[in-house]
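This is what each chain is made of:
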Amino acid sequence: MTARRPTHAELKEVVAELSMTMADDRIQDFLDVMQGTLDAYDAVDAMPDNLPPVKYPRGEFSHPPAEDNPYNAWYVRTEIRGAAGGPLSGRTVALKDNVCLAGVPMMNGASTLRGYTPDVDATIATRLLDAGATILGKAHCEYFCLSGGSHTSAHGQVQNPHRPGYSAGGSSSGSAALVAGGEVDMAIGGDQGGSIRIPSSYSGCYGLKPTHGLVPYTGVMPIETTIDHTGPMTRNVRDNAAMLQAIAGPDGLDPRQYDPQVDDYVAAVGRGAEGLRIGVVTEGFGHASSEPDVDASVRAASEVFKGLGASVEEVSVPAHLDGPAIWTPIAVEGLTNQMMLGNGMGTGWKGMYTTSLLDYHAGWRRGADDLSDTLKICMLIGQYHLRHSGGHYYAKAQNLARRLQADYDRAFESCDLLLMPTLPMKATPLPPDDAPLALYCQRAFEMLPNTSPFDVTGHPAMSIPCGMSDGLPVGMMLVAGKWREATIYRAAAAFEGVGDWRERQEER
């Protein structure tokens, strides 16, 4: 086979892109000399790709009609049965539609990816099937996962299962709606700024962002390697722990995984909260966007832990307020460089590259005008600073991330868990189709102040439904030291055992 060779005109364009100046005859000289090097590309092109095998047979798939998709949460329905037995036997699963499932379409909420079908299973998909789960399909998500609301998918808005016309949260919008709406037992979400915890809070389910690197991201479409997380979303704590148990641990293919420490999460569910030291973070409350009923509900929930034998004290982590600002250059410059300019994969890391996804996603440039406005605003800022600041702010933010992590870690010297509202607000109305740009973007990013810092630092964090207000769920977030997911499950299960969170009412 022969890899594509540059024409003289194409190489001239590359010269200009690299800010070089060459005469036409000089370009031709380089074109002639590079042919021997390009022969190596022919050799690589002729070799078969090195991808893990697909273990479980595929059946038919379909895109459900509106009458069978009341929340607009399903992208595609199928049924892939896993092992005959296992810890997840009998459990049904939806995968966020940024997770590769061989032979089943995937579009990651984006019009530019419509028509792509993966040729490999993500590690987490294989592990769920190995544990005996049945995968029922792919859940809608936001356009390349760039929204905390549920209004940006190319297939339309995802509805909150508690109140139509309100956001289900994002970017794992369909995953949350399907779990909270009772259509599946569990779902996979992804989290770069809060995208597991946000929809879990808005829709009323349990969503855990694990420690960065605990769960392999292999075969999931990346946004930015240092903030990419994937994890479980369920209706109860035990299922969440069992799901994490099935998918955690190294796979040897993901550079995000640096000595992950796996625990017995299912056993932790029964250990109770007695003796735990819980710090209620002052800076997690009272944001400019905070709703009083949300703050009140979470503070009331924190008091429940005292009756469970935990100590509950107010703690201050002033750096928490810096977290969203530190997250911003990492997210916007990082996603522009890796997910878009780098066609999803980028370079500079060892592991499994999903080459079929890279190839298909590279065509986004032909449909760039159709990208969501939330993605466009991030790309415009990211590209501006990559070009005019040379990556300075991305680099400085990564340096500051170490300080932010250290400040949280100091709090964990006296606390086992940090507690705060997952989000400063409950689910918001979905913006109309003709919403002005300001409202469209506001509904996508307004809820991030408590979630985004922990994507930067990599600490595990879980949204736990803790009450209802005005007919909508309120989420409480528990955060632990790295690799301490079991501590979160201890507290979450103890809180769950006190009573149905839906019966905890808080009025405005």
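Residues numbered from 1 in each chain as written. Predicted model: local features only at pLDDT ≥ 70, side-chain atom pairs only at ≥ 80, totals over all residues. Heavy atoms only, no water.

Caption draft 1: Seen up close, the overall build of the protein chain. Looking only at helices and strands, the protein chain features 16 helices and 11 strands. A compact globule built from 508 residues would reach a C-alpha radius of gyration of about 23 Å, and the protein chain, at 23 Å, matches this within 12%. Expressed as lengths along the three principal axes of its C-alpha atoms, the size of the protein chain is roughly 80 × 50 × 50 Å. Across the 508 residues in the protein chain, those meeting the buried criterion constitute 59%. Counting only contacts in the protein chain whose residues sit at least 6 apart along the sequence, the fraction spanning at least 24 positions is 77%. (Helix = DSSP H or I, 4+ residues; strand = E, 2+ residues; numbered from the N terminus. Rg over C-alpha atoms; globule rule 2.2 N^0.38 Å. Buried < 20%, exposed > 50% of the residue type's maximum accessible area, 1.4 Å probe, protein only. Contact = heavy atoms within 4.5 Å.)

Caption draft 2: Structural context of the environment of Val-312. For Val-312, the position within the fold is in strand β8 (residues 311–315). The buried category is assigned to Val-312, whose relative accessible area is 9%. Considered as a pair, Val-312 and Leu-419 are 107 residues apart in the sequence and their alpha carbons are 9.4 Å apart. Once residues within four sequence positions are removed from consideration, Val-312 is found in contact with Ile-278, Val-280, Ser-302, Phe-305 and Lys-306.

Caption draft 3: Structural view of the packing of helix α1 (residues 8–17) against helix α2 (residues 24–33). The geometry of α1 relative to α2 is characterised by a closest axis approach of 10 Å and an angle of 105° between their N-to-C directions. Classed by the angle they form, the pair α1 and α2 counts as roughly perpendicular. Only Asp-24, Ile-27, Gln-28 and Leu-31 of α2 make contact with α1, whose side of the interface consists of His-8, Leu-11, Lys-12 and Val-15. Of the residues that constitute the contact of α1 with α2, the class distribution is 4 nonpolar, 2 polar and 2 charged. (Axes fitted to C-alpha atoms, helices over the stretch in contact; angles between N-to-C directions. Parallel < 35°, antiparallel > 145°, perpendicular 65-115°, else oblique. Nonpolar A, V, L, I, M, F, W, Y, C, P; charged D, E, K, R; others polar.)

Caption draft 4: Fine view of the nonpolar core. Core analysis: the biggest nonpolar cluster contains 127 residues, and Phe-144, Phe-305, Leu-375 and Tyr-489 have the highest contact counts within it. Ignoring anything within four residues of it in the chain, the contact list for Phe-305 reads Ala-273, Ile-278, Ala-310, Val-312, Leu-419, Met-476, Leu-478, Ala-491 and Phe-495. (Core = buried A, V, L, I, M, F, W, Y, C linked by side-chain atoms within 4.5 Å.)

Caption draft 5: How the structure looks around the packing of aromatic side chains. All chains considered together, the criterion is met by 6 aromatic pairs. Ring geometry for Tyr-116 versus Tyr-360: centroids 5.6 Å apart, planes at 45°, classification tilted. One end of the pair, Tyr-116, is in the loop between β2 (92–96) and α4 (123–130); the other, Tyr-360, is in helix α11 (residues 355–361), and 244 residues separate them in sequence. Given a relative accessible area of 3%, Tyr-116 falls into the buried group. For Tyr-360, a relative accessible area of 33% puts it in the partly exposed group. Ring geometry for Tyr-265 and Tyr-489: centres 6.1 Å apart, planes at 65°, overall edge-to-face. Here Tyr-265, found in helix α8 (residues 265–268), pairs with Tyr-489, found in helix α16 (residues 485–496); they are 224 residues apart in sequence, far enough to count as distant. (Phe/Tyr/Trp six-rings, centres within 6.5 Å; stacked < 30°, edge-to-face > 60°.)

Caption draft 6: Focus on the packing of helix α12 (residues 373–388) against helix α14 (residues 437–445). Direction vectors running N to C along α12 and α14 enclose 85°, while the axes themselves pass 9 Å from each other. Classified by the interaxial angle, the pair formed by α12 and α14 is roughly perpendicular. Between α12 and α14, the contacting residues are Asp-373, Thr-374, Ile-377 and Cys-378 on the first element and Leu-437, Tyr-440, Cys-441, Ala-444 and Phe-445 on the second. Tallied by class, residues from the contact of α12 with α14 come to 7 nonpolar, 1 polar and 1 charged.

Caption draft 7: Up close: the sheet that holds strand β5 (residues 206–209). Strand order across the open sheet formed by 11 strands is β1-β3-β2-β4-β6-β5-β10-β11-β9-β7-β8, with mixed pairing between neighbours. The two strands at the open ends of the sheet, each matched to only one other strand, are β1 (74–81) and β8. When the angles between neighbouring strand axes are averaged without regard to direction, this sheet yields 25°. One ladder, built from 5 bridges, connects strand β9 (residues 417–421) with strand β11 (residues 472–480); its direction is antiparallel. Opposite Leu-419, over in β11, you have Leu-478 as the bridge partner. Sheet contacts for helix α7 (residues 237–247): β2, β4 (186–190), β5, β6 (230–234) and β10 (461–469); angle to β6, the most-contacted strand, approximately 155°. In the packing of helix α9 (residues 292–307) onto the sheet, the strands contacted are β7 (277–281), β8, β9, β10 and β11, and the crossing angle to β11 comes to about 55°. (Pairing = 2+ DSSP bridges.)

Caption draft 8: How the structure looks around the pattern of salt bridges. All chains considered together, the criterion is met by 24 salt bridges. Between Asp-24 and Lys-12 there is a salt bridge, and its shortest N-O distance comes to 3.3 Å. Of this pair, Asp-24 sits in helix α2 while Lys-12 sits in helix α1; the two residues are 12 residues apart in sequence, bridging distant segments of the chain. Accessibility expressed as a relative area gives 41% for Asp-24, which makes it partly exposed. Overall, Lys-12 belongs to the partly exposed group, its relative accessible area being 42%. Arg-299 is paired through a salt bridge with Glu-314; the nearest N and O atoms lie 3.2 Å apart. Residue Arg-299 is found in helix α9, and its partner Glu-314 is found in strand β8; the two are separated by 15 residues along the sequence. Here the salt bridges do not stand alone but share partners, grouping Arg-5, Asp-39 and Asp-42 into one network. (Salt bridge = Lys/Arg side-chain N within 4 Å of Asp/Glu carboxyl O.)

Caption draft 9: Structural context of α7. Taken across its 11 residues, α7 has 9 buried, putting it largely inside the fold. The set of residues buried in α7 consists of Val-237, Asp-239, Asn-240, Ala-241, Ala-242, Met-243, Leu-244, Ala-246 and Ile-247. The backbone nitrogen of Arg-238 has a side-chain oxygen 3.3 Å away, supplied by the residue at the start of α7, namely Asn-236. At the C-terminal side of α7, Gly-249 shows a positive phi close to 110°. (Polar contact = N/O pair within 3.5 Å; in protein donor to acceptor, adjacent residues only side chain to side chain.)

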